[in-house]
Structures are given as C-alpha cells and as structure tokens.
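One letter stands for each residue in the lines below.
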Amino acid sequence: MPQTVKLNEFTFTRASAPWTTLPAQQQPHWHDHPDYDLIEAELSGALPLVAHSEIREAKRALGLAALGEARVLQLGDCAESFSDADPLTTSRKVRNVARIASRLADRTGQQVARFGRMAGQYAKPRSSNFETVGGIELPSFRGELVNSFEAELSARRHDPERMLQAYDASAAVIREVRAHWTGSAEELDGGPWVAHEALVLDYENALIRTDDRTGEQFLTSTHFPWIGERTRQLDHAHVSMFAAIANPIGVKVGPTADPETVVRLCQLLDPHHTPGRLTLIVRMGREDIHVALAPIVRAVRRAGHPVVWISDPMHGNTVKAECGQKTRFVTHIIEEATAFRHILETEGAHPAGLHLEVAASDVTECVGGTVPDESALSERYETLCDPRLNPDQALGVIDSVF
Ligand code: PEP
Ligand code: CO
C-alpha cells in the first residue's frame, strides 16, 4: 500500500493516522484481495463527495439545535441499495424527508435541520457473523459496501471493489440531493444534508481530506457521520477517527451506556464544547430509557457539553414477528420518543428531534396505522435490513410525539 497519496495541493499520509492501528469492531475481511491496495489508492485520490463549506453549514444548523433554537430530523433507509441511486428514487426520498420535516416544523413552531440517511448508508453492523436465509446458514449481509444481499455463499464474500461502487452511488445520490437545495446557505432550511453510519474504516479513512486553508480534516464521504452502538468503544478506532475530523458527528447511545462513558465520549469528541459538534442519538428501548437516560443527561449537562439530543426510537424496539420477519410496533416507537421528550424537558434540556428509519414508499414493515397487524407485513416488506416506517406511519409518530 502506498504510504502517501498525492492529492491536488497537499499530501495526505494515511498510514500515520492513529486509528489505523487501533482495534475496530465490525470490519470487513477483504485485505487479501489482490486489488485491495489499488482500490484504496483510487479512493484516496478521489474527489470529495461533499464540500467543506456544506459540512460547515450543516454544523451551524446543528449548533442552533444544540442551543434550543431549532429541531433536527434525520431519516431514511436502514440500508440503502446501489440500485436506488437513480435521480427519480433519490428525489422521492428527498421529498419524503422534506414532507416529514415540515410536519415537525409545523408541530414545534421551530425550523428543522434536515438530514437523509442517504448517499453512503451502505454498511451495516451485525450482531452475528452468520444468518439463516431460507434454511441455509450464510455469512451475514453487511450492507452493499461489503457484500451482496443475495442469499448465495459467493455473493456474501467481502469485496473491496464495492467501496468504489459505494463511492459512485453516493456521488450520484448527492448530485440529486443538491438539485433539491433551494434555500440560501444563510437559512437553516438549507439542505437536506446527508448522513450515514461511518462504519467501514477503509472507506471512510480514504475520504478524509485536509482543508489546506485552515488545516482542519474533514470526512468528505458525508456531511454528518455517526458512530453506531456497536463501535463506540472509547479506546477503539472509530472514536479516534471521529475525534480527528471537523464534521458535526453523532454517536448512538444505547441502554448499556453509563453516564461516565458518555461523558468520556463527550470529552474525546467535543473537547472545545462546541454547539453542533456532537449529537447524542439515544436508542435505549421504550422500557430502559426510563431508567438509563436521565442520569446521562444530567452528567453531560454537568460536564458542560452543548450536545444535540435526538431520539432514535427504532433500534431499541425491534421484535421478531410470528412469521419470523423483524418488525417494530408504531406504538412502541411513539412510547420511547415520548419518554425521550419528557425526560429531556424534565432535565431542562432540549429534545431536538428524531432519527427514524422511514421508506419513501408505502412499505409494510412496521405494525401500526396503515399496517393493522402482523399478517399484513408480507405485503410490501422490502427492506434490506431493519423494518422501516412508511411515510404515513412516520407522520403519525411526529404528530403523537410533538
Ligand atoms: C442503524 O442505525 O441502522 C443501526 C445499526 O443502529 P445502532 O447502531 O443504533 O444499532
Ligand atoms: Co437500522
């Protein structure tokens, strides 16, 4: 692997990045691929997918939410597909984000910073290395950045060529997202911006670029990356990489997180106490949130970190339906998000908004509203990973919580 890659006006030394030697969970096994080094070099020389100025705008919008002056909505697929990277599908997704965000704006009377889980949401952490599909045990699907959804042994091989496909698909999606930008950069209702879980370090590391004017490092694969619940270990690579980049960043906070750990994460990731720098995405489940959240909010506030608080009421409330499909009940989602709002308000903090998995079409993956019971799930169950709300269900969640 080349130690340094010459990029237009500067030289970026990937090998010197401290996180490349730290342990990391959930990474692909593909380093023995004959073209791995070439792929990595190509990605390291590729144009940034998003501009530094756009990242700064997104951070500014999140800064207002940190101060209680705006709301935040982040939504989209659990896992995107390369085959969805066309303009028509993308534009439906952007309009879906806009529609649900405008409902949140109406309900709260505040402006909403909007983010799509899109243009890079191609990698999935999995709790097991194997899954059984149609009676056959296969290596788990880890998102199209890593392997194929197809239920074939060969399709589940980890393939680093997919990093280039993910880059191209993300570029196509971002192009279409930008075509929808209408607000001036001065308005909060600029965007929507894009966000994804920055999981695969080979991909993300190769897309870090230094701003040669300020010396800041930006992760140019997205505006707003987040660290998932399974990769937020304090002394591991993801946290180290996120500490080094200047983007606004998110971290999922699950039911096992304790106040000391979350404060330590804040110290590492928001050392300068910057509003908009760090968003805590709370995903505890509708029962655990009652016990676990308040002490964390108190500890973070005592430590003086002006974080953005948002609720992901999806990932702590996944159940297996009788048919074997994963599903979620809209009532449970509303229950957790409502508890989130009340706990934050009781603690004197701002419940800025929601992080939701929502399809742009009328899918039947979660139970509630237009999907009366589990027997209706099979009608249009189309997700590549977790069950998403359909747009009507998502609007129902907004109306019930705010
Ligand atoms: C996700 O957002 O799809 C996800 C895997 O979330 P978490 O890291 O919270 O489990
Ligand atoms: Co998910």
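In this text the structure is predicted, and so the values were computed from the model without any measurement.

Trainee: Help me out: how do you make sense of the coordination of the cobalt ion (ligand 2) in this one?
Mentor: Angles at a metal have ideal values that depend on geometry: 109.5 degrees with four tetrahedral donors, 90 or 180 degrees with six octahedral donors. Ligation of the cobalt ion (ligand 2) by protein atoms is provided by Cys-78 (SG), His-315 (NE2), Glu-357 (OE) and Asp-386 (OD), these donors lying 2.1 to 2.4 Å from the ion. Read in sequence order, the donor residues for the cobalt ion (ligand 2) give the motif C-x236-H-x41-E-x28-D. Residue His-315 is located in the loop between β13 (308–311) and β14 (319–320), and its partner Glu-357 is located in strand β16 (residues 351–357); the two are separated by 42 residues in the primary sequence. We note that His-315, like Glu-357, is buried.

Trainee: It is not clear to me how the site of ligand 1 should be interpreted in this structure. Could you clarify?
Mentor: All residues in the neighbourhood of ligand 1 are listed as Cys-78, Arg-117, Lys-124, Pro-125, Trp-226, Gly-228, Glu-229, Arg-230, Lys-252, Arg-283, His-315 and Glu-357. Protein burial of ligand 1: of its 300 Å² of free accessible surface, 98% is covered by the chains. A class-by-class count of the residues in the shell around ligand 1 yields three nonpolar, two polar and seven charged.

Trainee: Would you mind going over the nonpolar core with me for this structure?
Mentor: Looking at soluble globular proteins, one finds that nonpolar side chains tend to be buried together. With 40 residues, the main nonpolar core has Leu-280, Leu-293, Val-300 and Trp-309 as its most contacted residues. In terms of residue count, helix α8 (residues 289–302) provides more of this core than any other element does, eight residues in total. In this view, Leu-293 contacts Val-282, Met-284, Trp-309, Phe-340, Ile-343 and Leu-344; residues no more than four positions away in its chain are not counted. Counting 34 residues, the second-largest nonpolar core is a separate cluster that includes Leu-43, Met-118, Ala-171 and Ala-246.

Trainee: I keep staring at unusual backbone geometry and nothing clicks. Help me out?
Mentor: Negative phi is the rule for most residues except glycine; trans is the rule for most peptide bonds. For Ala-119, which is not a glycine, the phi torsion comes out positive at approximately 60°. Structurally, the position occupied by Ala-119 is in the loop between β4 (112–117) and β5 (130–133). The buried category is assigned to Ala-119, whose relative accessible area is 0%. At His-273, a position not held by glycine, the phi torsion is positive, near 55°. You can see His-273 is positioned in the loop between α7 (259–269) and β12 (278–282). Classification of His-273 by relative accessible area gives partly exposed; the value is 35%.

Trainee: Help me out: how do you make sense of α7 in this one?
Mentor: In an α-helix there are 3.6 residues to a turn, and that puts residues three or four apart on one side. Among the residues of α7, Pro-259, Thr-261, Val-262, Val-263, Leu-265, Cys-266 and Leu-269 are the ones counted as buried. At the N-terminal boundary of α7, the capping side chain belongs to Asp-258, with an oxygen 3.2 Å from the backbone nitrogen of Glu-260.

Trainee: It is not clear to me how the packing of helix α9 (residues 330–346) against helix α10 (residues 391–401) should be interpreted in this structure. Could you clarify?
Mentor: The packing of two helices is summarised by the inter-axis angle and the distance between the axes. Two numbers describe how α9 lies on α10: the axes approach to 9 Å, and their chain directions differ by 35°. In the packing of α9 onto α10, the handedness of the crossing is right-handed. The segment α9 lies against α10, with Val-330, Ile-333, Ile-334, Ala-337, Thr-338 and Arg-341 engaging Gln-393, Gly-396, Val-397, Ser-400 and Val-401.

Trainee: Is there a simple way to think about the pattern of salt bridges in this case?
Mentor: Should the charged atoms of two oppositely charged side chains come close, the side chains can pair. If you walk through the whole model with that rule in mind, you get 24 salt bridges. Asp-77 is the salt-bridge partner of Arg-388, the closest N and O atoms lying 2.7 Å from each other. Of the two residues, Arg-388 sits in the loop between β16 and α10 while Asp-77 sits in the loop between β3 (71–76) and α3 (87–108), which places them 311 residues apart along the sequence. Both residues of the pair, Arg-388 and Asp-77, count as buried. Between Glu-347 and Arg-298 there is a salt bridge, with its nearest N and O atoms 3.0 Å apart. Here Glu-347 is found in the loop between α9 and β16, whereas its partner Arg-298 is found in helix α8, with 49 residues between them in sequence. When its relative accessible area of 42% is taken as the criterion, Arg-298 is described as partly exposed. A cluster of three or more residues bridged by salt bridges with shared partners is formed by Asp-77, Asp-84, Lys-93, Glu-365 and Arg-388.

Trainee: Looking at this structure, how should I read the sheet that holds β13?
Mentor: Pairing between the strands of a sheet is mediated by backbone hydrogen bonds and can be parallel or antiparallel. Strand order around the closed barrel formed by eight strands is β3-β4-β7-β10-β11-β12-β13-β16, with parallel pairing between neighbours. Each strand of the sheet is rotated relative to its neighbour by a mean of 25°, with strand direction disregarded. By the bridge criterion, four bridges tie β12 to β13 in an arrangement that is parallel. Pairing of Ile-281 across the sheet is with Ile-310, part of β13. Helix α2 (residues 52–66) rests against β3, β4, β7 (193–197), β10 (224–227), β12, β13 and β16 of the sheet, and its axis sits at about 85° to β7. Contacts from helix α6 (residues 237–244) reach β10 and β11 (249–253), with the element oriented near 150° to β10.

Trainee: Would you take a moment to explain α8 for this structure?
Mentor: Between its first and last C-alpha atoms α8 spans 20 Å; for 14 residues at 1.5 Å apiece the expected length is 20 Å, and the two agree. Taken together, the buried positions of α8 are occupied by Ile-289, Ala-292, Leu-293, Ala-294, Ile-296, Val-297, Ala-299 and Val-300. Elements in contact with the buried residues of α8: β11, α7, β12, β13 and α9. Once α8 ends, the next one or two residues include Gly-304, with phi positive near 80°.

Trainee: Just to check I follow, could you spell out the side chain of Thr-279 for this structure?
Mentor: Here Thr-279 lies in strand β12. A relative accessible area of 0% means that Thr-279 is categorised as buried. Contact partners of Thr-279, with chain neighbours within four places excluded, come to Leu-62, Phe-224, Ile-249, Gly-250, Val-251, Val-308 and Ile-310.

Rules used throughout
Residues numbered from 1 in each chain as written. Chains lettered and ligands numbered in written order. Predicted model: local features only at pLDDT ≥ 70, side-chain atom pairs only at ≥ 80, totals over all residues. Heavy atoms only, no water. Donors = N, O, S within 2.8 Å, 3.2 Å for Na, K, Ca; no water. Helix = DSSP H or I, 4+ residues; strand = E, 2+ residues; numbered from the N terminus. Buried < 20%, exposed > 50% of the residue type's maximum accessible area, 1.4 Å probe, protein only. Near = heavy atom within 4 Å. Areas by Shrake-Rupley, 256 points an atom, 1.4 Å probe, with all protein chains shown as cover. Nonpolar A, V, L, I, M, F, W, Y, C, P; charged D, E, K, R; others polar. Core = buried A, V, L, I, M, F, W, Y, C linked by side-chain atoms within 4.5 Å. Contact = heavy atoms within 4.5 Å. Polar contact = N/O pair within 3.5 Å; in protein donor to acceptor, adjacent residues only side chain to side chain. Axes fitted to C-alpha atoms, helices over the stretch in contact; angles between N-to-C directions. Left-handed = near helix turned anticlockwise from the far one by under 90°. Salt bridge = Lys/Arg side-chain N within 4 Å of Asp/Glu carboxyl O. Pairing = 2+ DSSP bridges. Expected span 1.5 Å × (residues − 1).

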